[in-house]
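# Residue-level structural notes
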Amino acid sequence: MFKKLKNMNARERMLIAAIFSGALLLAIFVLSFTISDGNLRANARIMDQGPSFSHPFGTDWLGRDMLARTMKGLRLSLMVGVVASIISVIISVILGVGSAVLGKTVDNVISWVTDLFIGMPHLIFMMLVCFMMGGGVKGIIVGVSLTHWSLLARVIRAEVLQLKNAEYMQISSSFGKSLWFIAWHHVIPYIMPQIIIRFLSVFPHAIVHEAAITFLGFGFSPQTPAIGVILSEAMAHISTGKWWLVFFPGFLLVLVAKSFDSISEQAHILLEPVSANE
Amino acid sequence: MSLKGEGLGFYYKKDKWIFNKLDIKISPGEVKGLSGYSGCGKTTLGKILAGFIEPQAGTVTVDGAPLPRKGFRPVQMIYQHPEKAIDPRWRMRQVLTESFTPSRELVEALEIRGEWLGRHPIELSGGELQRFCIARALNPATRYIIADEMTTMLDAITQAKIWHVFKKLCAARNIGVVIVSHEASLLKRLCDSVIYLEDVTAKGSAA
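Residues numbered from 1 in each chain as written. Chains lettered and ligands numbered in written order. Predicted model: local features only at pLDDT ≥ 70, side-chain atom pairs only at ≥ 80, totals over all residues. Heavy atoms only, no water.

### Considerations on the overall build of chain A
A count of helical and extended segments in chain A gives 10 helices and 0 strands. Its helices and strands in sequence order give chain A the pattern α-α-α-α-α-α-α-α-α-α, from N to C terminus. Seen through its principal axes, chain A has C-alpha atoms that stretch 75 × 60 × 30 Å. Expressed as a percentage of its 278 residues, the buried residues of chain A come to 45%. Accessible area for chain A stands at about 14,500 Å²; split by element, carbon and sulfur atoms hold 71% of it. (Helix = DSSP H or I, 4+ residues; strand = E, 2+ residues; numbered from the N terminus. Buried < 20%, exposed > 50% of the residue type's maximum accessible area, 1.4 Å probe, protein only. Areas by Shrake-Rupley, 256 points an atom, 1.4 Å probe, with all protein chains shown as cover.)

Now the structure itself:
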(Lines give C-alpha, C1' and ligand atoms only; values in the text may rest on other atoms or scores of the structure.)
Protein backbone atom coordinates (compact mmCIF):
# COMPACT_ATOMS: atom_id res chain seq x y z
CA MET A 1 0.00 0.00 0.00
CA PHE A 2 2.79 2.42 0.84
CA LYS A 3 5.03 3.20 -2.09
CA LYS A 4 8.62 4.33 -1.72
CA LEU A 5 8.86 8.13 -1.66
CA LYS A 6 10.86 8.17 -4.89
CA ASN A 7 8.19 6.26 -6.81
CA MET A 8 5.40 8.68 -5.94
CA ASN A 9 4.32 11.41 -8.29
CA ALA A 10 4.18 15.10 -7.38
CA ARG A 11 0.58 14.88 -6.28
CA GLU A 12 1.21 12.11 -3.76
CA ARG A 13 4.40 13.70 -2.44
CA MET A 14 2.66 17.02 -2.11
CA LEU A 15 -0.19 15.44 -0.19
CA ILE A 16 2.19 13.90 2.34
CA ALA A 17 4.24 17.08 2.75
CA ALA A 18 1.10 19.15 3.12
CA ILE A 19 -0.34 16.77 5.72
CA PHE A 20 2.89 16.92 7.78
CA SER A 21 3.13 20.71 7.61
CA GLY A 22 -0.57 21.20 8.21
CA ALA A 23 -0.50 18.83 11.19
CA LEU A 24 2.39 20.75 12.74
CA LEU A 25 0.65 24.11 12.36
CA LEU A 26 -2.60 22.64 13.68
CA ALA A 27 -0.82 21.06 16.67
CA ILE A 28 0.72 24.41 17.60
CA PHE A 29 -2.61 26.12 17.19
CA VAL A 30 -4.48 23.58 19.36
CA LEU A 31 -1.73 23.48 22.03
CA SER A 32 -1.69 27.26 22.26
CA PHE A 33 -5.34 27.17 23.29
CA THR A 34 -5.33 24.08 25.52
CA ILE A 35 -2.35 25.05 27.68
CA SER A 36 -3.69 27.12 30.54
CA ASP A 37 -2.65 30.73 30.99
CA GLY A 38 -1.67 29.85 34.59
CA ASN A 39 1.61 28.50 33.23
CA LEU A 40 2.53 32.02 32.17
CA ARG A 41 2.53 33.32 35.74
CA ALA A 42 5.83 33.74 37.56
CA ASN A 43 6.59 30.93 39.99
CA ALA A 44 9.66 31.35 42.22
CA ARG A 45 9.85 27.63 43.10
CA ILE A 46 10.65 26.47 39.57
CA MET A 47 13.04 29.17 38.34
CA ASP A 48 15.71 28.37 35.73
CA GLN A 49 14.95 24.68 35.29
CA GLY A 50 16.22 22.76 32.28
CA PRO A 51 13.95 20.57 30.13
CA SER A 52 12.14 17.89 32.15
CA PHE A 53 8.95 15.81 31.88
CA SER A 54 6.81 18.35 33.71
CA HIS A 55 8.34 21.26 31.74
CA PRO A 56 9.53 19.88 28.35
CA PHE A 57 10.94 23.24 27.21
CA GLY A 58 12.28 24.21 30.68
CA THR A 59 11.39 27.34 32.63
CA ASP A 60 12.80 30.88 32.55
CA TRP A 61 14.29 33.04 35.30
CA LEU A 62 10.80 33.94 36.57
CA GLY A 63 9.67 30.31 36.71
CA ARG A 64 7.34 30.62 33.67
CA ASP A 65 6.81 27.45 31.65
CA MET A 66 8.60 27.87 28.31
CA LEU A 67 6.37 25.40 26.44
CA ALA A 68 3.33 27.52 27.23
CA ARG A 69 5.12 30.74 26.33
CA THR A 70 6.45 29.32 23.07
CA MET A 71 3.10 27.97 21.91
CA LYS A 72 1.21 31.13 22.74
CA GLY A 73 4.00 33.22 21.27
CA LEU A 74 3.96 31.26 18.03
CA ARG A 75 0.21 31.69 17.73
CA LEU A 76 0.51 35.44 18.11
CA SER A 77 3.46 35.65 15.71
CA LEU A 78 1.70 33.43 13.16
CA MET A 79 -1.36 35.61 13.34
CA VAL A 80 0.61 38.84 12.98
CA GLY A 81 2.69 37.35 10.13
CA VAL A 82 -0.27 36.00 8.17
CA VAL A 83 -2.42 39.11 8.50
CA ALA A 84 0.45 41.48 7.67
CA SER A 85 1.48 39.38 4.64
CA ILE A 86 -2.07 39.20 3.32
CA ILE A 87 -2.59 42.95 3.65
CA SER A 88 0.72 43.78 1.99
CA VAL A 89 0.03 41.37 -0.89
CA ILE A 90 -3.42 42.88 -1.43
CA ILE A 91 -1.93 46.38 -1.56
CA SER A 92 0.70 45.19 -4.06
CA VAL A 93 -1.83 43.51 -6.35
CA ILE A 94 -4.17 46.49 -6.45
CA LEU A 95 -1.41 49.04 -7.04
CA GLY A 96 0.57 46.79 -9.42
CA VAL A 97 -2.37 45.88 -11.64
CA GLY A 98 -3.78 49.42 -11.46
CA SER A 99 -0.46 50.84 -12.48
CA ALA A 100 -0.31 48.57 -15.52
CA VAL A 101 -3.87 48.99 -16.83
CA LEU A 102 -5.18 52.39 -15.75
CA GLY A 103 -3.09 54.55 -18.06
CA LYS A 104 -0.05 56.76 -17.93
CA THR A 105 -1.01 59.31 -15.27
CA VAL A 106 -2.05 56.66 -12.73
CA ASP A 107 1.10 54.70 -13.58
CA ASN A 108 3.30 57.72 -12.90
CA VAL A 109 1.67 58.48 -9.56
CA ILE A 110 1.77 54.86 -8.36
CA SER A 111 5.36 54.38 -9.55
CA TRP A 112 6.40 57.51 -7.66
CA VAL A 113 4.76 56.28 -4.45
CA THR A 114 6.33 52.83 -4.93
CA ASP A 115 9.79 54.34 -5.32
CA LEU A 116 9.19 56.46 -2.24
CA PHE A 117 8.37 53.38 -0.16
CA ILE A 118 11.30 51.40 -1.55
CA GLY A 119 13.65 54.22 -0.62
CA MET A 120 12.38 54.59 2.92
CA PRO A 121 14.11 52.66 5.76
CA HIS A 122 11.60 50.07 7.01
CA LEU A 123 12.48 50.19 10.66
CA ILE A 124 12.15 53.96 11.04
CA PHE A 125 8.81 54.02 9.27
CA MET A 126 7.51 51.11 11.33
CA MET A 127 8.56 52.80 14.57
CA LEU A 128 6.60 55.85 13.48
CA VAL A 129 3.51 53.80 12.58
CA CYS A 130 3.67 51.75 15.80
CA PHE A 131 4.01 54.92 17.83
CA MET A 132 1.03 56.45 16.03
CA MET A 133 -1.11 53.35 16.54
CA GLY A 134 -0.06 53.07 20.19
CA GLY A 135 2.01 49.88 19.82
CA GLY A 136 0.60 46.37 20.10
CA VAL A 137 -0.64 43.97 17.44
CA LYS A 138 -2.37 46.61 15.33
CA GLY A 139 0.70 48.82 15.11
CA ILE A 140 2.96 45.96 14.02
CA ILE A 141 0.51 44.61 11.43
CA VAL A 142 -0.05 48.04 9.88
CA GLY A 143 3.66 48.87 10.04
CA VAL A 144 4.81 45.66 8.37
CA SER A 145 2.14 45.65 5.67
CA LEU A 146 2.70 49.31 4.78
CA THR A 147 6.43 48.78 4.28
CA HIS A 148 6.45 45.46 2.45
CA TRP A 149 4.21 45.93 -0.59
CA SER A 150 6.46 48.02 -2.83
CA LEU A 151 8.73 45.33 -4.37
CA LEU A 152 5.86 43.02 -5.28
CA ALA A 153 3.86 45.93 -6.73
CA ARG A 154 6.76 46.63 -9.12
CA VAL A 155 7.07 42.99 -10.15
CA ILE A 156 3.33 42.70 -10.76
CA ARG A 157 3.27 45.91 -12.80
CA ALA A 158 5.99 44.52 -15.09
CA GLU A 159 4.29 41.12 -15.42
CA VAL A 160 0.91 42.61 -16.27
CA LEU A 161 2.42 45.04 -18.81
CA GLN A 162 3.94 42.03 -20.55
CA LEU A 163 0.76 39.98 -20.34
CA LYS A 164 -1.33 42.79 -21.84
CA ASN A 165 0.16 42.04 -25.27
CA ALA A 166 -0.45 38.28 -25.11
CA GLU A 167 -2.63 37.01 -27.96
CA TYR A 168 -4.94 35.08 -25.66
CA MET A 169 -5.72 38.25 -23.70
CA GLN A 170 -6.72 40.12 -26.85
CA ILE A 171 -8.75 37.15 -28.04
CA SER A 172 -10.54 37.01 -24.71
CA SER A 173 -11.60 40.63 -25.09
CA SER A 174 -12.71 39.94 -28.68
CA PHE A 175 -15.08 37.36 -27.17
CA GLY A 176 -16.61 40.29 -25.31
CA LYS A 177 -15.24 39.26 -21.92
CA SER A 178 -15.32 41.97 -19.27
CA LEU A 179 -12.27 43.53 -17.67
CA TRP A 180 -13.12 41.68 -14.45
CA PHE A 181 -13.32 38.32 -16.19
CA ILE A 182 -9.94 38.88 -17.82
CA ALA A 183 -8.35 40.11 -14.60
CA TRP A 184 -9.70 37.20 -12.58
CA HIS A 185 -9.17 34.34 -15.05
CA HIS A 186 -6.11 35.42 -17.05
CA VAL A 187 -4.14 37.93 -14.96
CA ILE A 188 -4.44 36.62 -11.40
CA PRO A 189 -3.39 33.02 -12.28
CA TYR A 190 -0.43 34.47 -14.17
CA ILE A 191 0.87 36.50 -11.23
CA MET A 192 -0.12 33.92 -8.58
CA PRO A 193 3.38 32.36 -8.26
CA GLN A 194 4.87 35.80 -7.53
CA ILE A 195 2.14 36.46 -5.00
CA ILE A 196 2.71 33.16 -3.17
CA ILE A 197 6.48 33.58 -3.09
CA ARG A 198 6.21 37.15 -1.85
CA PHE A 199 3.58 36.18 0.72
CA LEU A 200 5.96 33.59 2.17
CA SER A 201 8.98 35.86 2.20
CA VAL A 202 7.08 38.65 3.94
CA PHE A 203 5.94 36.22 6.63
CA PRO A 204 9.33 35.71 8.36
CA HIS A 205 10.02 39.43 7.88
CA ALA A 206 6.92 40.22 9.87
CA ILE A 207 8.11 38.07 12.77
CA VAL A 208 11.64 39.48 12.71
CA HIS A 209 10.37 43.06 12.51
CA GLU A 210 7.94 42.37 15.30
CA ALA A 211 10.89 41.23 17.44
CA ALA A 212 12.97 44.26 16.42
CA ILE A 213 10.19 46.75 17.15
CA THR A 214 9.48 45.09 20.46
CA PHE A 215 13.18 45.14 21.30
CA LEU A 216 13.24 48.89 20.67
CA GLY A 217 10.24 49.36 22.91
CA PHE A 218 7.57 50.29 20.36
CA GLY A 219 5.87 46.92 19.95
CA PHE A 220 4.46 44.45 22.46
CA SER A 221 4.75 44.85 26.20
CA PRO A 222 7.33 42.49 27.76
CA GLN A 223 4.76 40.15 29.38
CA THR A 224 3.13 39.39 26.00
CA PRO A 225 4.29 35.92 24.96
CA ALA A 226 5.39 36.85 21.43
CA ILE A 227 8.20 34.86 19.83
CA GLY A 228 10.19 38.04 19.25
CA VAL A 229 9.91 39.01 22.92
CA ILE A 230 10.96 35.52 24.02
CA LEU A 231 13.98 35.45 21.75
CA SER A 232 15.24 38.91 22.61
CA GLU A 233 14.89 38.15 26.33
CA ALA A 234 16.66 34.83 25.92
CA MET A 235 19.63 36.57 24.28
CA ALA A 236 20.71 37.87 27.67
CA HIS A 237 20.72 34.36 29.14
CA ILE A 238 22.49 32.43 26.44
CA SER A 239 25.96 33.20 27.83
CA THR A 240 24.99 31.77 31.21
CA GLY A 241 24.31 28.37 29.63
CA LYS A 242 20.50 28.43 29.65
CA TRP A 243 20.32 27.08 26.10
CA TRP A 244 16.73 25.87 26.30
CA LEU A 245 15.43 29.43 26.51
CA VAL A 246 16.49 30.14 22.95
CA PHE A 247 16.78 26.68 21.39
CA PHE A 248 13.17 25.44 21.58
CA PRO A 249 11.39 28.68 20.61
CA GLY A 250 13.94 29.35 17.84
CA PHE A 251 13.76 25.80 16.50
CA LEU A 252 9.96 25.83 16.43
CA LEU A 253 9.95 29.19 14.66
CA VAL A 254 12.21 27.75 11.95
CA LEU A 255 10.00 24.69 11.69
CA VAL A 256 6.85 26.77 11.30
CA ALA A 257 8.43 28.96 8.62
CA LYS A 258 9.65 25.81 6.83
CA SER A 259 6.18 24.22 6.92
CA PHE A 260 4.73 27.31 5.32
CA ASP A 261 7.44 27.15 2.73
CA SER A 262 6.83 23.48 1.92
CA ILE A 263 3.06 23.94 1.62
CA SER A 264 3.54 26.82 -0.82
CA GLU A 265 6.19 24.96 -2.81
CA GLN A 266 3.90 21.99 -3.32
CA ALA A 267 1.03 24.28 -4.23
CA HIS A 268 3.29 25.93 -6.78
CA ILE A 269 4.14 22.57 -8.38
CA LEU A 270 0.45 21.77 -8.68
CA LEU A 271 -0.43 25.19 -10.12
CA GLU A 272 2.22 25.02 -12.85
CA PRO A 273 0.93 23.11 -15.89
CA VAL A 274 4.43 21.87 -16.73
CA SER A 275 4.80 19.98 -13.47
CA ALA A 276 1.21 19.20 -12.48
CA ASN A 277 1.32 15.54 -13.54
CA GLU A 278 4.97 14.76 -12.82
CA MET B 1 -24.24 42.75 -46.04
CA SER B 2 -20.50 42.40 -46.04
CA LEU B 3 -17.29 42.98 -44.13
CA LYS B 4 -15.84 46.12 -45.67
CA GLY B 5 -12.55 47.90 -45.24
CA GLU B 6 -12.49 51.29 -46.91
CA GLY B 7 -9.45 53.45 -47.50
CA LEU B 8 -7.39 51.44 -45.00
CA GLY B 9 -3.88 52.65 -44.31
CA PHE B 10 -1.30 51.54 -41.77
CA TYR B 11 2.27 52.44 -40.86
CA TYR B 12 4.65 51.81 -37.98
CA LYS B 13 6.90 54.74 -38.90
CA LYS B 14 5.15 57.96 -39.79
CA ASP B 15 4.30 58.25 -43.49
CA LYS B 16 6.10 55.00 -44.33
CA TRP B 17 2.86 53.31 -45.34
CA ILE B 18 2.81 49.52 -45.33
CA PHE B 19 -0.38 49.92 -47.31
CA ASN B 20 -2.62 52.89 -47.93
CA LYS B 21 -6.01 53.63 -49.49
CA LEU B 22 -6.78 49.94 -49.50
CA ASP B 23 -10.35 48.76 -50.09
CA ILE B 24 -11.43 45.22 -49.33
CA LYS B 25 -14.81 43.57 -49.21
CA ILE B 26 -15.88 40.09 -48.09
CA SER B 27 -19.45 38.86 -48.52
CA PRO B 28 -21.10 36.25 -46.28
CA GLY B 29 -20.24 32.73 -47.44
CA GLU B 30 -17.38 33.97 -49.58
CA VAL B 31 -13.89 32.51 -49.19
CA LYS B 32 -11.24 35.06 -50.02
CA GLY B 33 -7.50 34.41 -50.14
CA LEU B 34 -4.93 36.97 -49.08
CA SER B 35 -1.40 36.42 -50.27
CA GLY B 36 1.88 38.25 -50.57
CA TYR B 37 5.55 38.17 -49.64
CA SER B 38 6.69 38.13 -45.98
CA GLY B 39 6.25 41.49 -44.31
CA CYS B 40 3.88 42.96 -46.87
CA GLY B 41 1.15 43.46 -44.26
CA LYS B 42 -1.06 40.38 -44.61
CA THR B 43 -1.36 39.79 -40.88
CA THR B 44 -1.65 43.51 -40.15
CA LEU B 45 -4.56 43.78 -42.58
CA GLY B 46 -6.15 40.72 -40.94
CA LYS B 47 -5.78 42.24 -37.48
CA ILE B 48 -7.30 45.52 -38.65
CA LEU B 49 -10.30 43.69 -40.15
CA ALA B 50 -10.73 41.74 -36.89
CA GLY B 51 -10.48 44.90 -34.80
CA PHE B 52 -7.27 43.96 -32.95
CA ILE B 53 -5.47 47.07 -34.17
CA GLU B 54 -6.70 50.46 -35.29
CA PRO B 55 -5.71 51.58 -38.79
CA GLN B 56 -4.10 55.01 -39.22
CA ALA B 57 -6.56 55.71 -42.01
CA GLY B 58 -9.86 54.29 -43.19
CA THR B 59 -12.73 52.42 -41.58
CA VAL B 60 -13.89 48.83 -41.12
CA THR B 61 -17.62 48.12 -41.18
CA VAL B 62 -19.53 44.89 -40.57
CA ASP B 63 -22.85 44.70 -42.37
CA GLY B 64 -22.98 48.48 -42.47
CA ALA B 65 -22.11 49.15 -38.81
CA PRO B 66 -18.65 49.93 -37.44
CA LEU B 67 -16.84 47.16 -35.49
CA PRO B 68 -18.24 47.08 -31.94
CA ARG B 69 -15.68 48.14 -29.32
CA LYS B 70 -17.39 46.28 -26.49
CA GLY B 71 -19.01 42.88 -26.41
CA PHE B 72 -18.54 39.99 -28.81
CA ARG B 73 -16.87 40.91 -32.08
CA PRO B 74 -18.58 39.32 -35.10
CA VAL B 75 -15.22 39.18 -36.87
CA GLN B 76 -13.04 36.52 -35.27
CA MET B 77 -9.42 35.78 -35.99
CA ILE B 78 -7.61 32.44 -35.83
CA TYR B 79 -3.90 32.82 -35.31
CA GLN B 80 -0.90 30.98 -36.69
CA HIS B 81 0.38 29.84 -33.28
CA PRO B 82 -2.40 28.19 -31.27
CA GLU B 83 -0.13 27.79 -28.25
CA LYS B 84 0.11 31.58 -28.01
CA ALA B 85 -3.61 32.06 -28.54
CA ILE B 86 -4.50 29.86 -25.57
CA ASP B 87 -3.82 30.72 -21.93
CA PRO B 88 -1.18 28.14 -20.88
CA ARG B 89 -2.60 28.05 -17.36
CA TRP B 90 -6.11 27.02 -18.33
CA ARG B 91 -7.43 23.55 -18.85
CA MET B 92 -8.83 22.77 -22.28
CA ARG B 93 -12.43 22.55 -21.06
CA GLN B 94 -12.22 26.19 -19.99
CA VAL B 95 -10.56 27.16 -23.29
CA LEU B 96 -13.29 25.46 -25.30
CA THR B 97 -16.12 27.18 -23.47
CA GLU B 98 -14.58 30.66 -23.13
CA SER B 99 -16.55 32.20 -25.97
CA PHE B 100 -19.61 29.90 -25.85
CA THR B 101 -20.52 26.27 -25.15
CA PRO B 102 -20.11 24.45 -28.45
CA SER B 103 -22.59 21.81 -29.50
CA ARG B 104 -21.67 18.12 -29.48
CA GLU B 105 -21.85 18.06 -33.30
CA LEU B 106 -19.31 20.88 -33.60
CA VAL B 107 -16.94 19.21 -31.14
CA GLU B 108 -17.26 15.91 -32.95
CA ALA B 109 -16.87 17.46 -36.40
CA LEU B 110 -13.53 18.94 -35.29
CA GLU B 111 -12.54 15.57 -33.78
CA ILE B 112 -11.92 17.04 -30.34
CA ARG B 113 -11.69 14.11 -27.95
CA GLY B 114 -13.26 14.16 -24.51
CA GLU B 115 -10.05 13.03 -22.85
CA TRP B 116 -8.28 16.25 -23.99
CA LEU B 117 -10.63 18.47 -22.03
CA GLY B 118 -9.04 17.80 -18.64
CA ARG B 119 -5.52 18.57 -19.90
CA HIS B 120 -3.36 21.66 -19.99
CA PRO B 121 -2.43 23.20 -23.38
CA ILE B 122 1.18 21.96 -23.21
CA GLU B 123 -0.09 18.39 -23.12
CA LEU B 124 -1.61 18.71 -26.60
CA SER B 125 0.01 19.10 -30.01
CA GLY B 126 -0.29 22.18 -32.22
CA GLY B 127 -2.87 20.56 -34.48
CA GLU B 128 -4.97 19.48 -31.53
CA LEU B 129 -4.83 22.98 -30.04
CA GLN B 130 -5.77 24.59 -33.35
CA ARG B 131 -9.02 22.59 -33.36
CA PHE B 132 -9.94 24.29 -30.09
CA CYS B 133 -9.15 27.70 -31.55
CA ILE B 134 -11.41 26.97 -34.50
CA ALA B 135 -14.20 25.69 -32.26
CA ARG B 136 -14.26 28.82 -30.09
CA ALA B 137 -14.11 31.13 -33.12
CA LEU B 138 -17.30 29.49 -34.46
CA ASN B 139 -19.53 31.28 -31.95
CA PRO B 140 -23.15 31.56 -33.19
CA ALA B 141 -22.64 35.34 -33.38
CA THR B 142 -19.58 35.05 -35.65
CA ARG B 143 -20.18 36.43 -39.15
CA TYR B 144 -16.65 36.55 -40.54
CA ILE B 145 -13.44 34.68 -39.77
CA ILE B 146 -9.88 35.74 -40.55
CA ALA B 147 -7.69 32.61 -40.69
CA ASP B 148 -4.11 33.85 -40.45
CA GLU B 149 -1.75 31.06 -41.58
CA MET B 150 -4.06 28.77 -39.67
CA THR B 151 -2.44 25.46 -40.68
CA THR B 152 1.04 26.52 -41.76
CA MET B 153 2.79 24.61 -39.00
CA LEU B 154 0.82 21.40 -39.42
CA ASP B 155 1.59 18.34 -41.54
CA ALA B 156 -0.13 17.92 -44.90
CA ILE B 157 -2.68 15.33 -43.78
CA THR B 158 -3.80 17.27 -40.72
CA GLN B 159 -3.95 20.44 -42.85
CA ALA B 160 -6.22 18.82 -45.38
CA LYS B 161 -8.48 17.40 -42.67
CA ILE B 162 -8.81 20.68 -40.80
CA TRP B 163 -9.50 22.75 -43.93
CA HIS B 164 -12.08 20.26 -45.09
CA VAL B 165 -14.05 20.48 -41.85
CA PHE B 166 -13.52 24.23 -41.46
CA LYS B 167 -14.80 25.05 -44.93
CA LYS B 168 -17.84 22.87 -44.47
CA LEU B 169 -18.73 24.47 -41.13
CA CYS B 170 -18.31 28.01 -42.47
CA ALA B 171 -20.35 27.27 -45.59
CA ALA B 172 -23.16 25.78 -43.47
CA ARG B 173 -23.40 28.99 -41.43
CA ASN B 174 -22.79 31.36 -44.32
CA ILE B 175 -19.68 32.78 -42.66
CA GLY B 176 -17.36 34.90 -44.79
CA VAL B 177 -13.74 33.74 -44.58
CA VAL B 178 -10.42 35.43 -45.31
CA ILE B 179 -7.56 32.96 -45.62
CA VAL B 180 -4.17 34.57 -45.11
CA SER B 181 -1.36 32.41 -46.47
CA HIS B 182 1.58 32.50 -48.82
CA GLU B 183 1.02 29.02 -50.10
CA ALA B 184 -0.38 29.65 -53.56
CA SER B 185 -1.55 26.07 -54.11
CA LEU B 186 -3.52 26.04 -50.88
CA LEU B 187 -5.26 29.32 -51.73
CA LYS B 188 -6.00 28.19 -55.26
CA ARG B 189 -7.66 25.10 -53.91
CA LEU B 190 -9.73 26.72 -51.16
CA CYS B 191 -10.64 30.23 -52.27
CA ASP B 192 -13.22 31.77 -54.58
CA SER B 193 -10.77 34.60 -55.30
CA VAL B 194 -7.27 35.56 -54.21
CA ILE B 195 -5.86 39.02 -53.50
CA TYR B 196 -2.11 39.55 -53.89
CA LEU B 197 -1.32 42.29 -51.45
CA GLU B 198 1.78 43.56 -53.28
CA ASP B 199 -0.33 44.26 -56.39
CA VAL B 200 -2.96 45.97 -54.33
CA THR B 201 -0.58 48.22 -52.39
CA ALA B 202 0.71 49.53 -55.71
CA LYS B 203 -2.73 50.18 -57.13
CA GLY B 204 -4.52 50.81 -53.87
CA SER B 205 -7.69 48.78 -54.28
CA ALA B 206 -8.86 45.21 -53.89
CA ALA B 207 -12.50 44.54 -54.49
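### Quick word on the packing of aromatic side chains
Taken as a whole and judged by the stated rule, the model has 16 aromatic pairs over all chains. On the numbers, 5.1 Å between centres and 50° between planes, the contact of F117 of chain A with W149 of chain A is tilted. Within this pair, whereas F117 of chain A is found in helix α3 (residues 104-119), its partner W149 of chain A is found in the loop between α5 (136-147) and α6 (150-163), the two being separated by 32 residues in sequence. Neither F117 of chain A nor W149 of chain A differs from the other in exposure class; each is buried. Considering the side-chain rings of F181 of chain A and W90 of chain B, the 6.3 Å spacing of their centres and the 80° angle between planes classify their relative orientation as edge-to-face. On the criterion of chain membership, the pair formed by F181 of chain A in helix α8 (residues 179-215) and W90 of chain B in the loop between α2 (82-85) and α3 (92-96) is interchain, its members lying in two chains. Through successive ring pairs, a cluster of aromatic residues spans F57, W243, W244, F247, F248 and F251 of chain A. Between R73 of chain B and the ring centre of F52 of chain B, over which it is positioned, the NZ or CZ distance is 5.0 Å. (Phe/Tyr/Trp six-rings, centres within 6.5 Å; stacked < 30°, edge-to-face > 60°. Lys NZ or Arg CZ within 6 Å of the ring centre and 35° of its normal.)

### Structural notes on the pairing of strand β1 (residues 3-11) of chain B
Residues and elements named next belong to chain B. Note that β1 and strand β2 (residues 17-26) share 6 bridges and pair antiparallel. Its bridge partner being in β2, F10 is matched across the sheet by F19. In this structure, the hairpin formed by β1 and β2 is closed by a connection of 5 residues, where D15 is found at a positive phi of approximately 65°. Across 5 bridges, the pairing between β1 and strand β4 (residues 57-62) is antiparallel. Each bridged residue has a counterpart across the sheet, and for K4 the counterpart in β4 is T61. (Pairing = 2+ DSSP bridges.)

### A few points about the interface of chain A and chain B
Contacts between chain A and chain B engage 22 residues on the former and 22 residues on the latter. Taken over both partners, the interface formed by chain A and chain B buries close to 2,000 Å², and the fraction arising from carbon and sulfur atoms is 55%. Scanning the region where chain A abuts chain B turns up 0 salt bridges. Across the contact surface, chain A and chain B share 8 residue pairs in polar contact (both at pLDDT 80 or more). Counting residues per element, the ones that place at least two in the side of chain A that touches chain B are α7 (167-174) and α8 of chain A. Here the element with the most residues in the side of chain A that touches chain B is α7 of chain A; it accounts for 7 residues. A breakdown of the residues in the side of chain A that touches chain B according to their chemical character gives 10 nonpolar, 8 polar and 4 charged. (Contact = heavy atoms within 4.5 Å. Buried area = accessible area lost by both parts, 1.4 Å probe. Salt bridge = Lys/Arg side-chain N within 4 Å of Asp/Glu carboxyl O. Polar contact = N/O pair within 3.5 Å; in protein donor to acceptor, adjacent residues only side chain to side chain. Nonpolar A, V, L, I, M, F, W, Y, C, P; charged D, E, K, R; others polar.)

### Some words on the confidence of the model for chain B
Of the residues in chain B, 97% reach a pLDDT of 70 or more, and the chain-wide mean stands at 88. Predicted as a complex, the structure gets a pTM of 0.75 and an ipTM equal to 0.86. (pLDDT = per-residue confidence, 0-100.)

### Here's the deal with the layout of surface pockets
In this structure, the largest pocket occupies an estimated 680 Å³ of space. Along the walls of the largest pocket sit 20 residues, with V97, V101, L179, A183 and V187 of chain A positioned nearest its centre. Per-element accounting of the lining of the largest pocket gives the leading share, 7 residues, to α8 of chain A. Of the residues that constitute the lining of the largest pocket, the class distribution is 14 nonpolar, 4 polar and 2 charged. Volume-wise, the second largest pocket comes out at about 530 Å³. As for the second largest pocket, its lining consists of 20 residues, and the residues nearest its centre are G51, E54, P68, R69 and R73 of chain B. In terms of residue count, the dominant contributor to the lining of the second largest pocket is β4 of chain B (3 residues). A breakdown of the residues in the lining of the second largest pocket according to their chemical character gives 8 nonpolar, 7 polar and 5 charged. (1 Å grid on protein atoms, 1.4 Å probe; cavity = no way out; pocket = protein on both sides within 12 Å on 5 of 7 lines; lining within 4 Å. Points joined across faces, edges and corners; volume = space filled by probe spheres on them.)

### Considerations on helix α2 (residues 66-101) of chain A
The end-to-end C-alpha separation of α2 of chain A is 51 Å, in line with the 52 Å expected for 36 residues at 1.5 Å each. Remark: G103 of chain A follows α2 of chain A within two positions and exhibits a positive phi of approximately 100°. (Expected span 1.5 Å × (residues − 1).)

### Description of the nonpolar core
Proteins that are soluble and globular tend to have nonpolar side chains buried together. Core analysis: the largest hydrophobic core is formed by 70 residues, its most contacted members being L8, L45, I112, I146 and F166 of chain B. Counting 40 residues, the second-largest nonpolar core is a separate cluster that includes L74, V93, V160 and L253 of chain A. (Core = buried A, V, L, I, M, F, W, Y, C linked by side-chain atoms within 4.5 Å.)

### Regarding the sheet that holds strand β8 (residues 176-180) of chain B
Residue and element names in this part refer to chain B. With respect to topology, 5 strands assemble into an open sheet ordered β6-β7-β8-β3-β9, the strand pairing being parallel. Two strands close off the open sheet at either side, each with one partner strand: β6 (75-78) and β9 (193-196). Strand-to-strand, the axes of this sheet are offset by a mean angle of 20°, without reference to chain direction. Packed onto the sheet, helix α1 (residues 42-49) meets β3 (31-35), β6, β7 (144-148) and β8 and runs at close to 145° relative to β6. (Axes fitted to C-alpha atoms, helices over the stretch in contact; angles between N-to-C directions.)

### A look at the sheet that holds strand β5 (residues 65-66) of chain B
One key point about sheets: their strands pair by backbone hydrogen bonds, in either a parallel or an antiparallel sense. In space, the 4 strands of this open sheet follow the order β2-β1-β4-β5 (chain B), with antiparallel pairing throughout. Both outer strands of the open sheet, β2 and β5 of chain B, are each paired with one neighbouring strand and no more.

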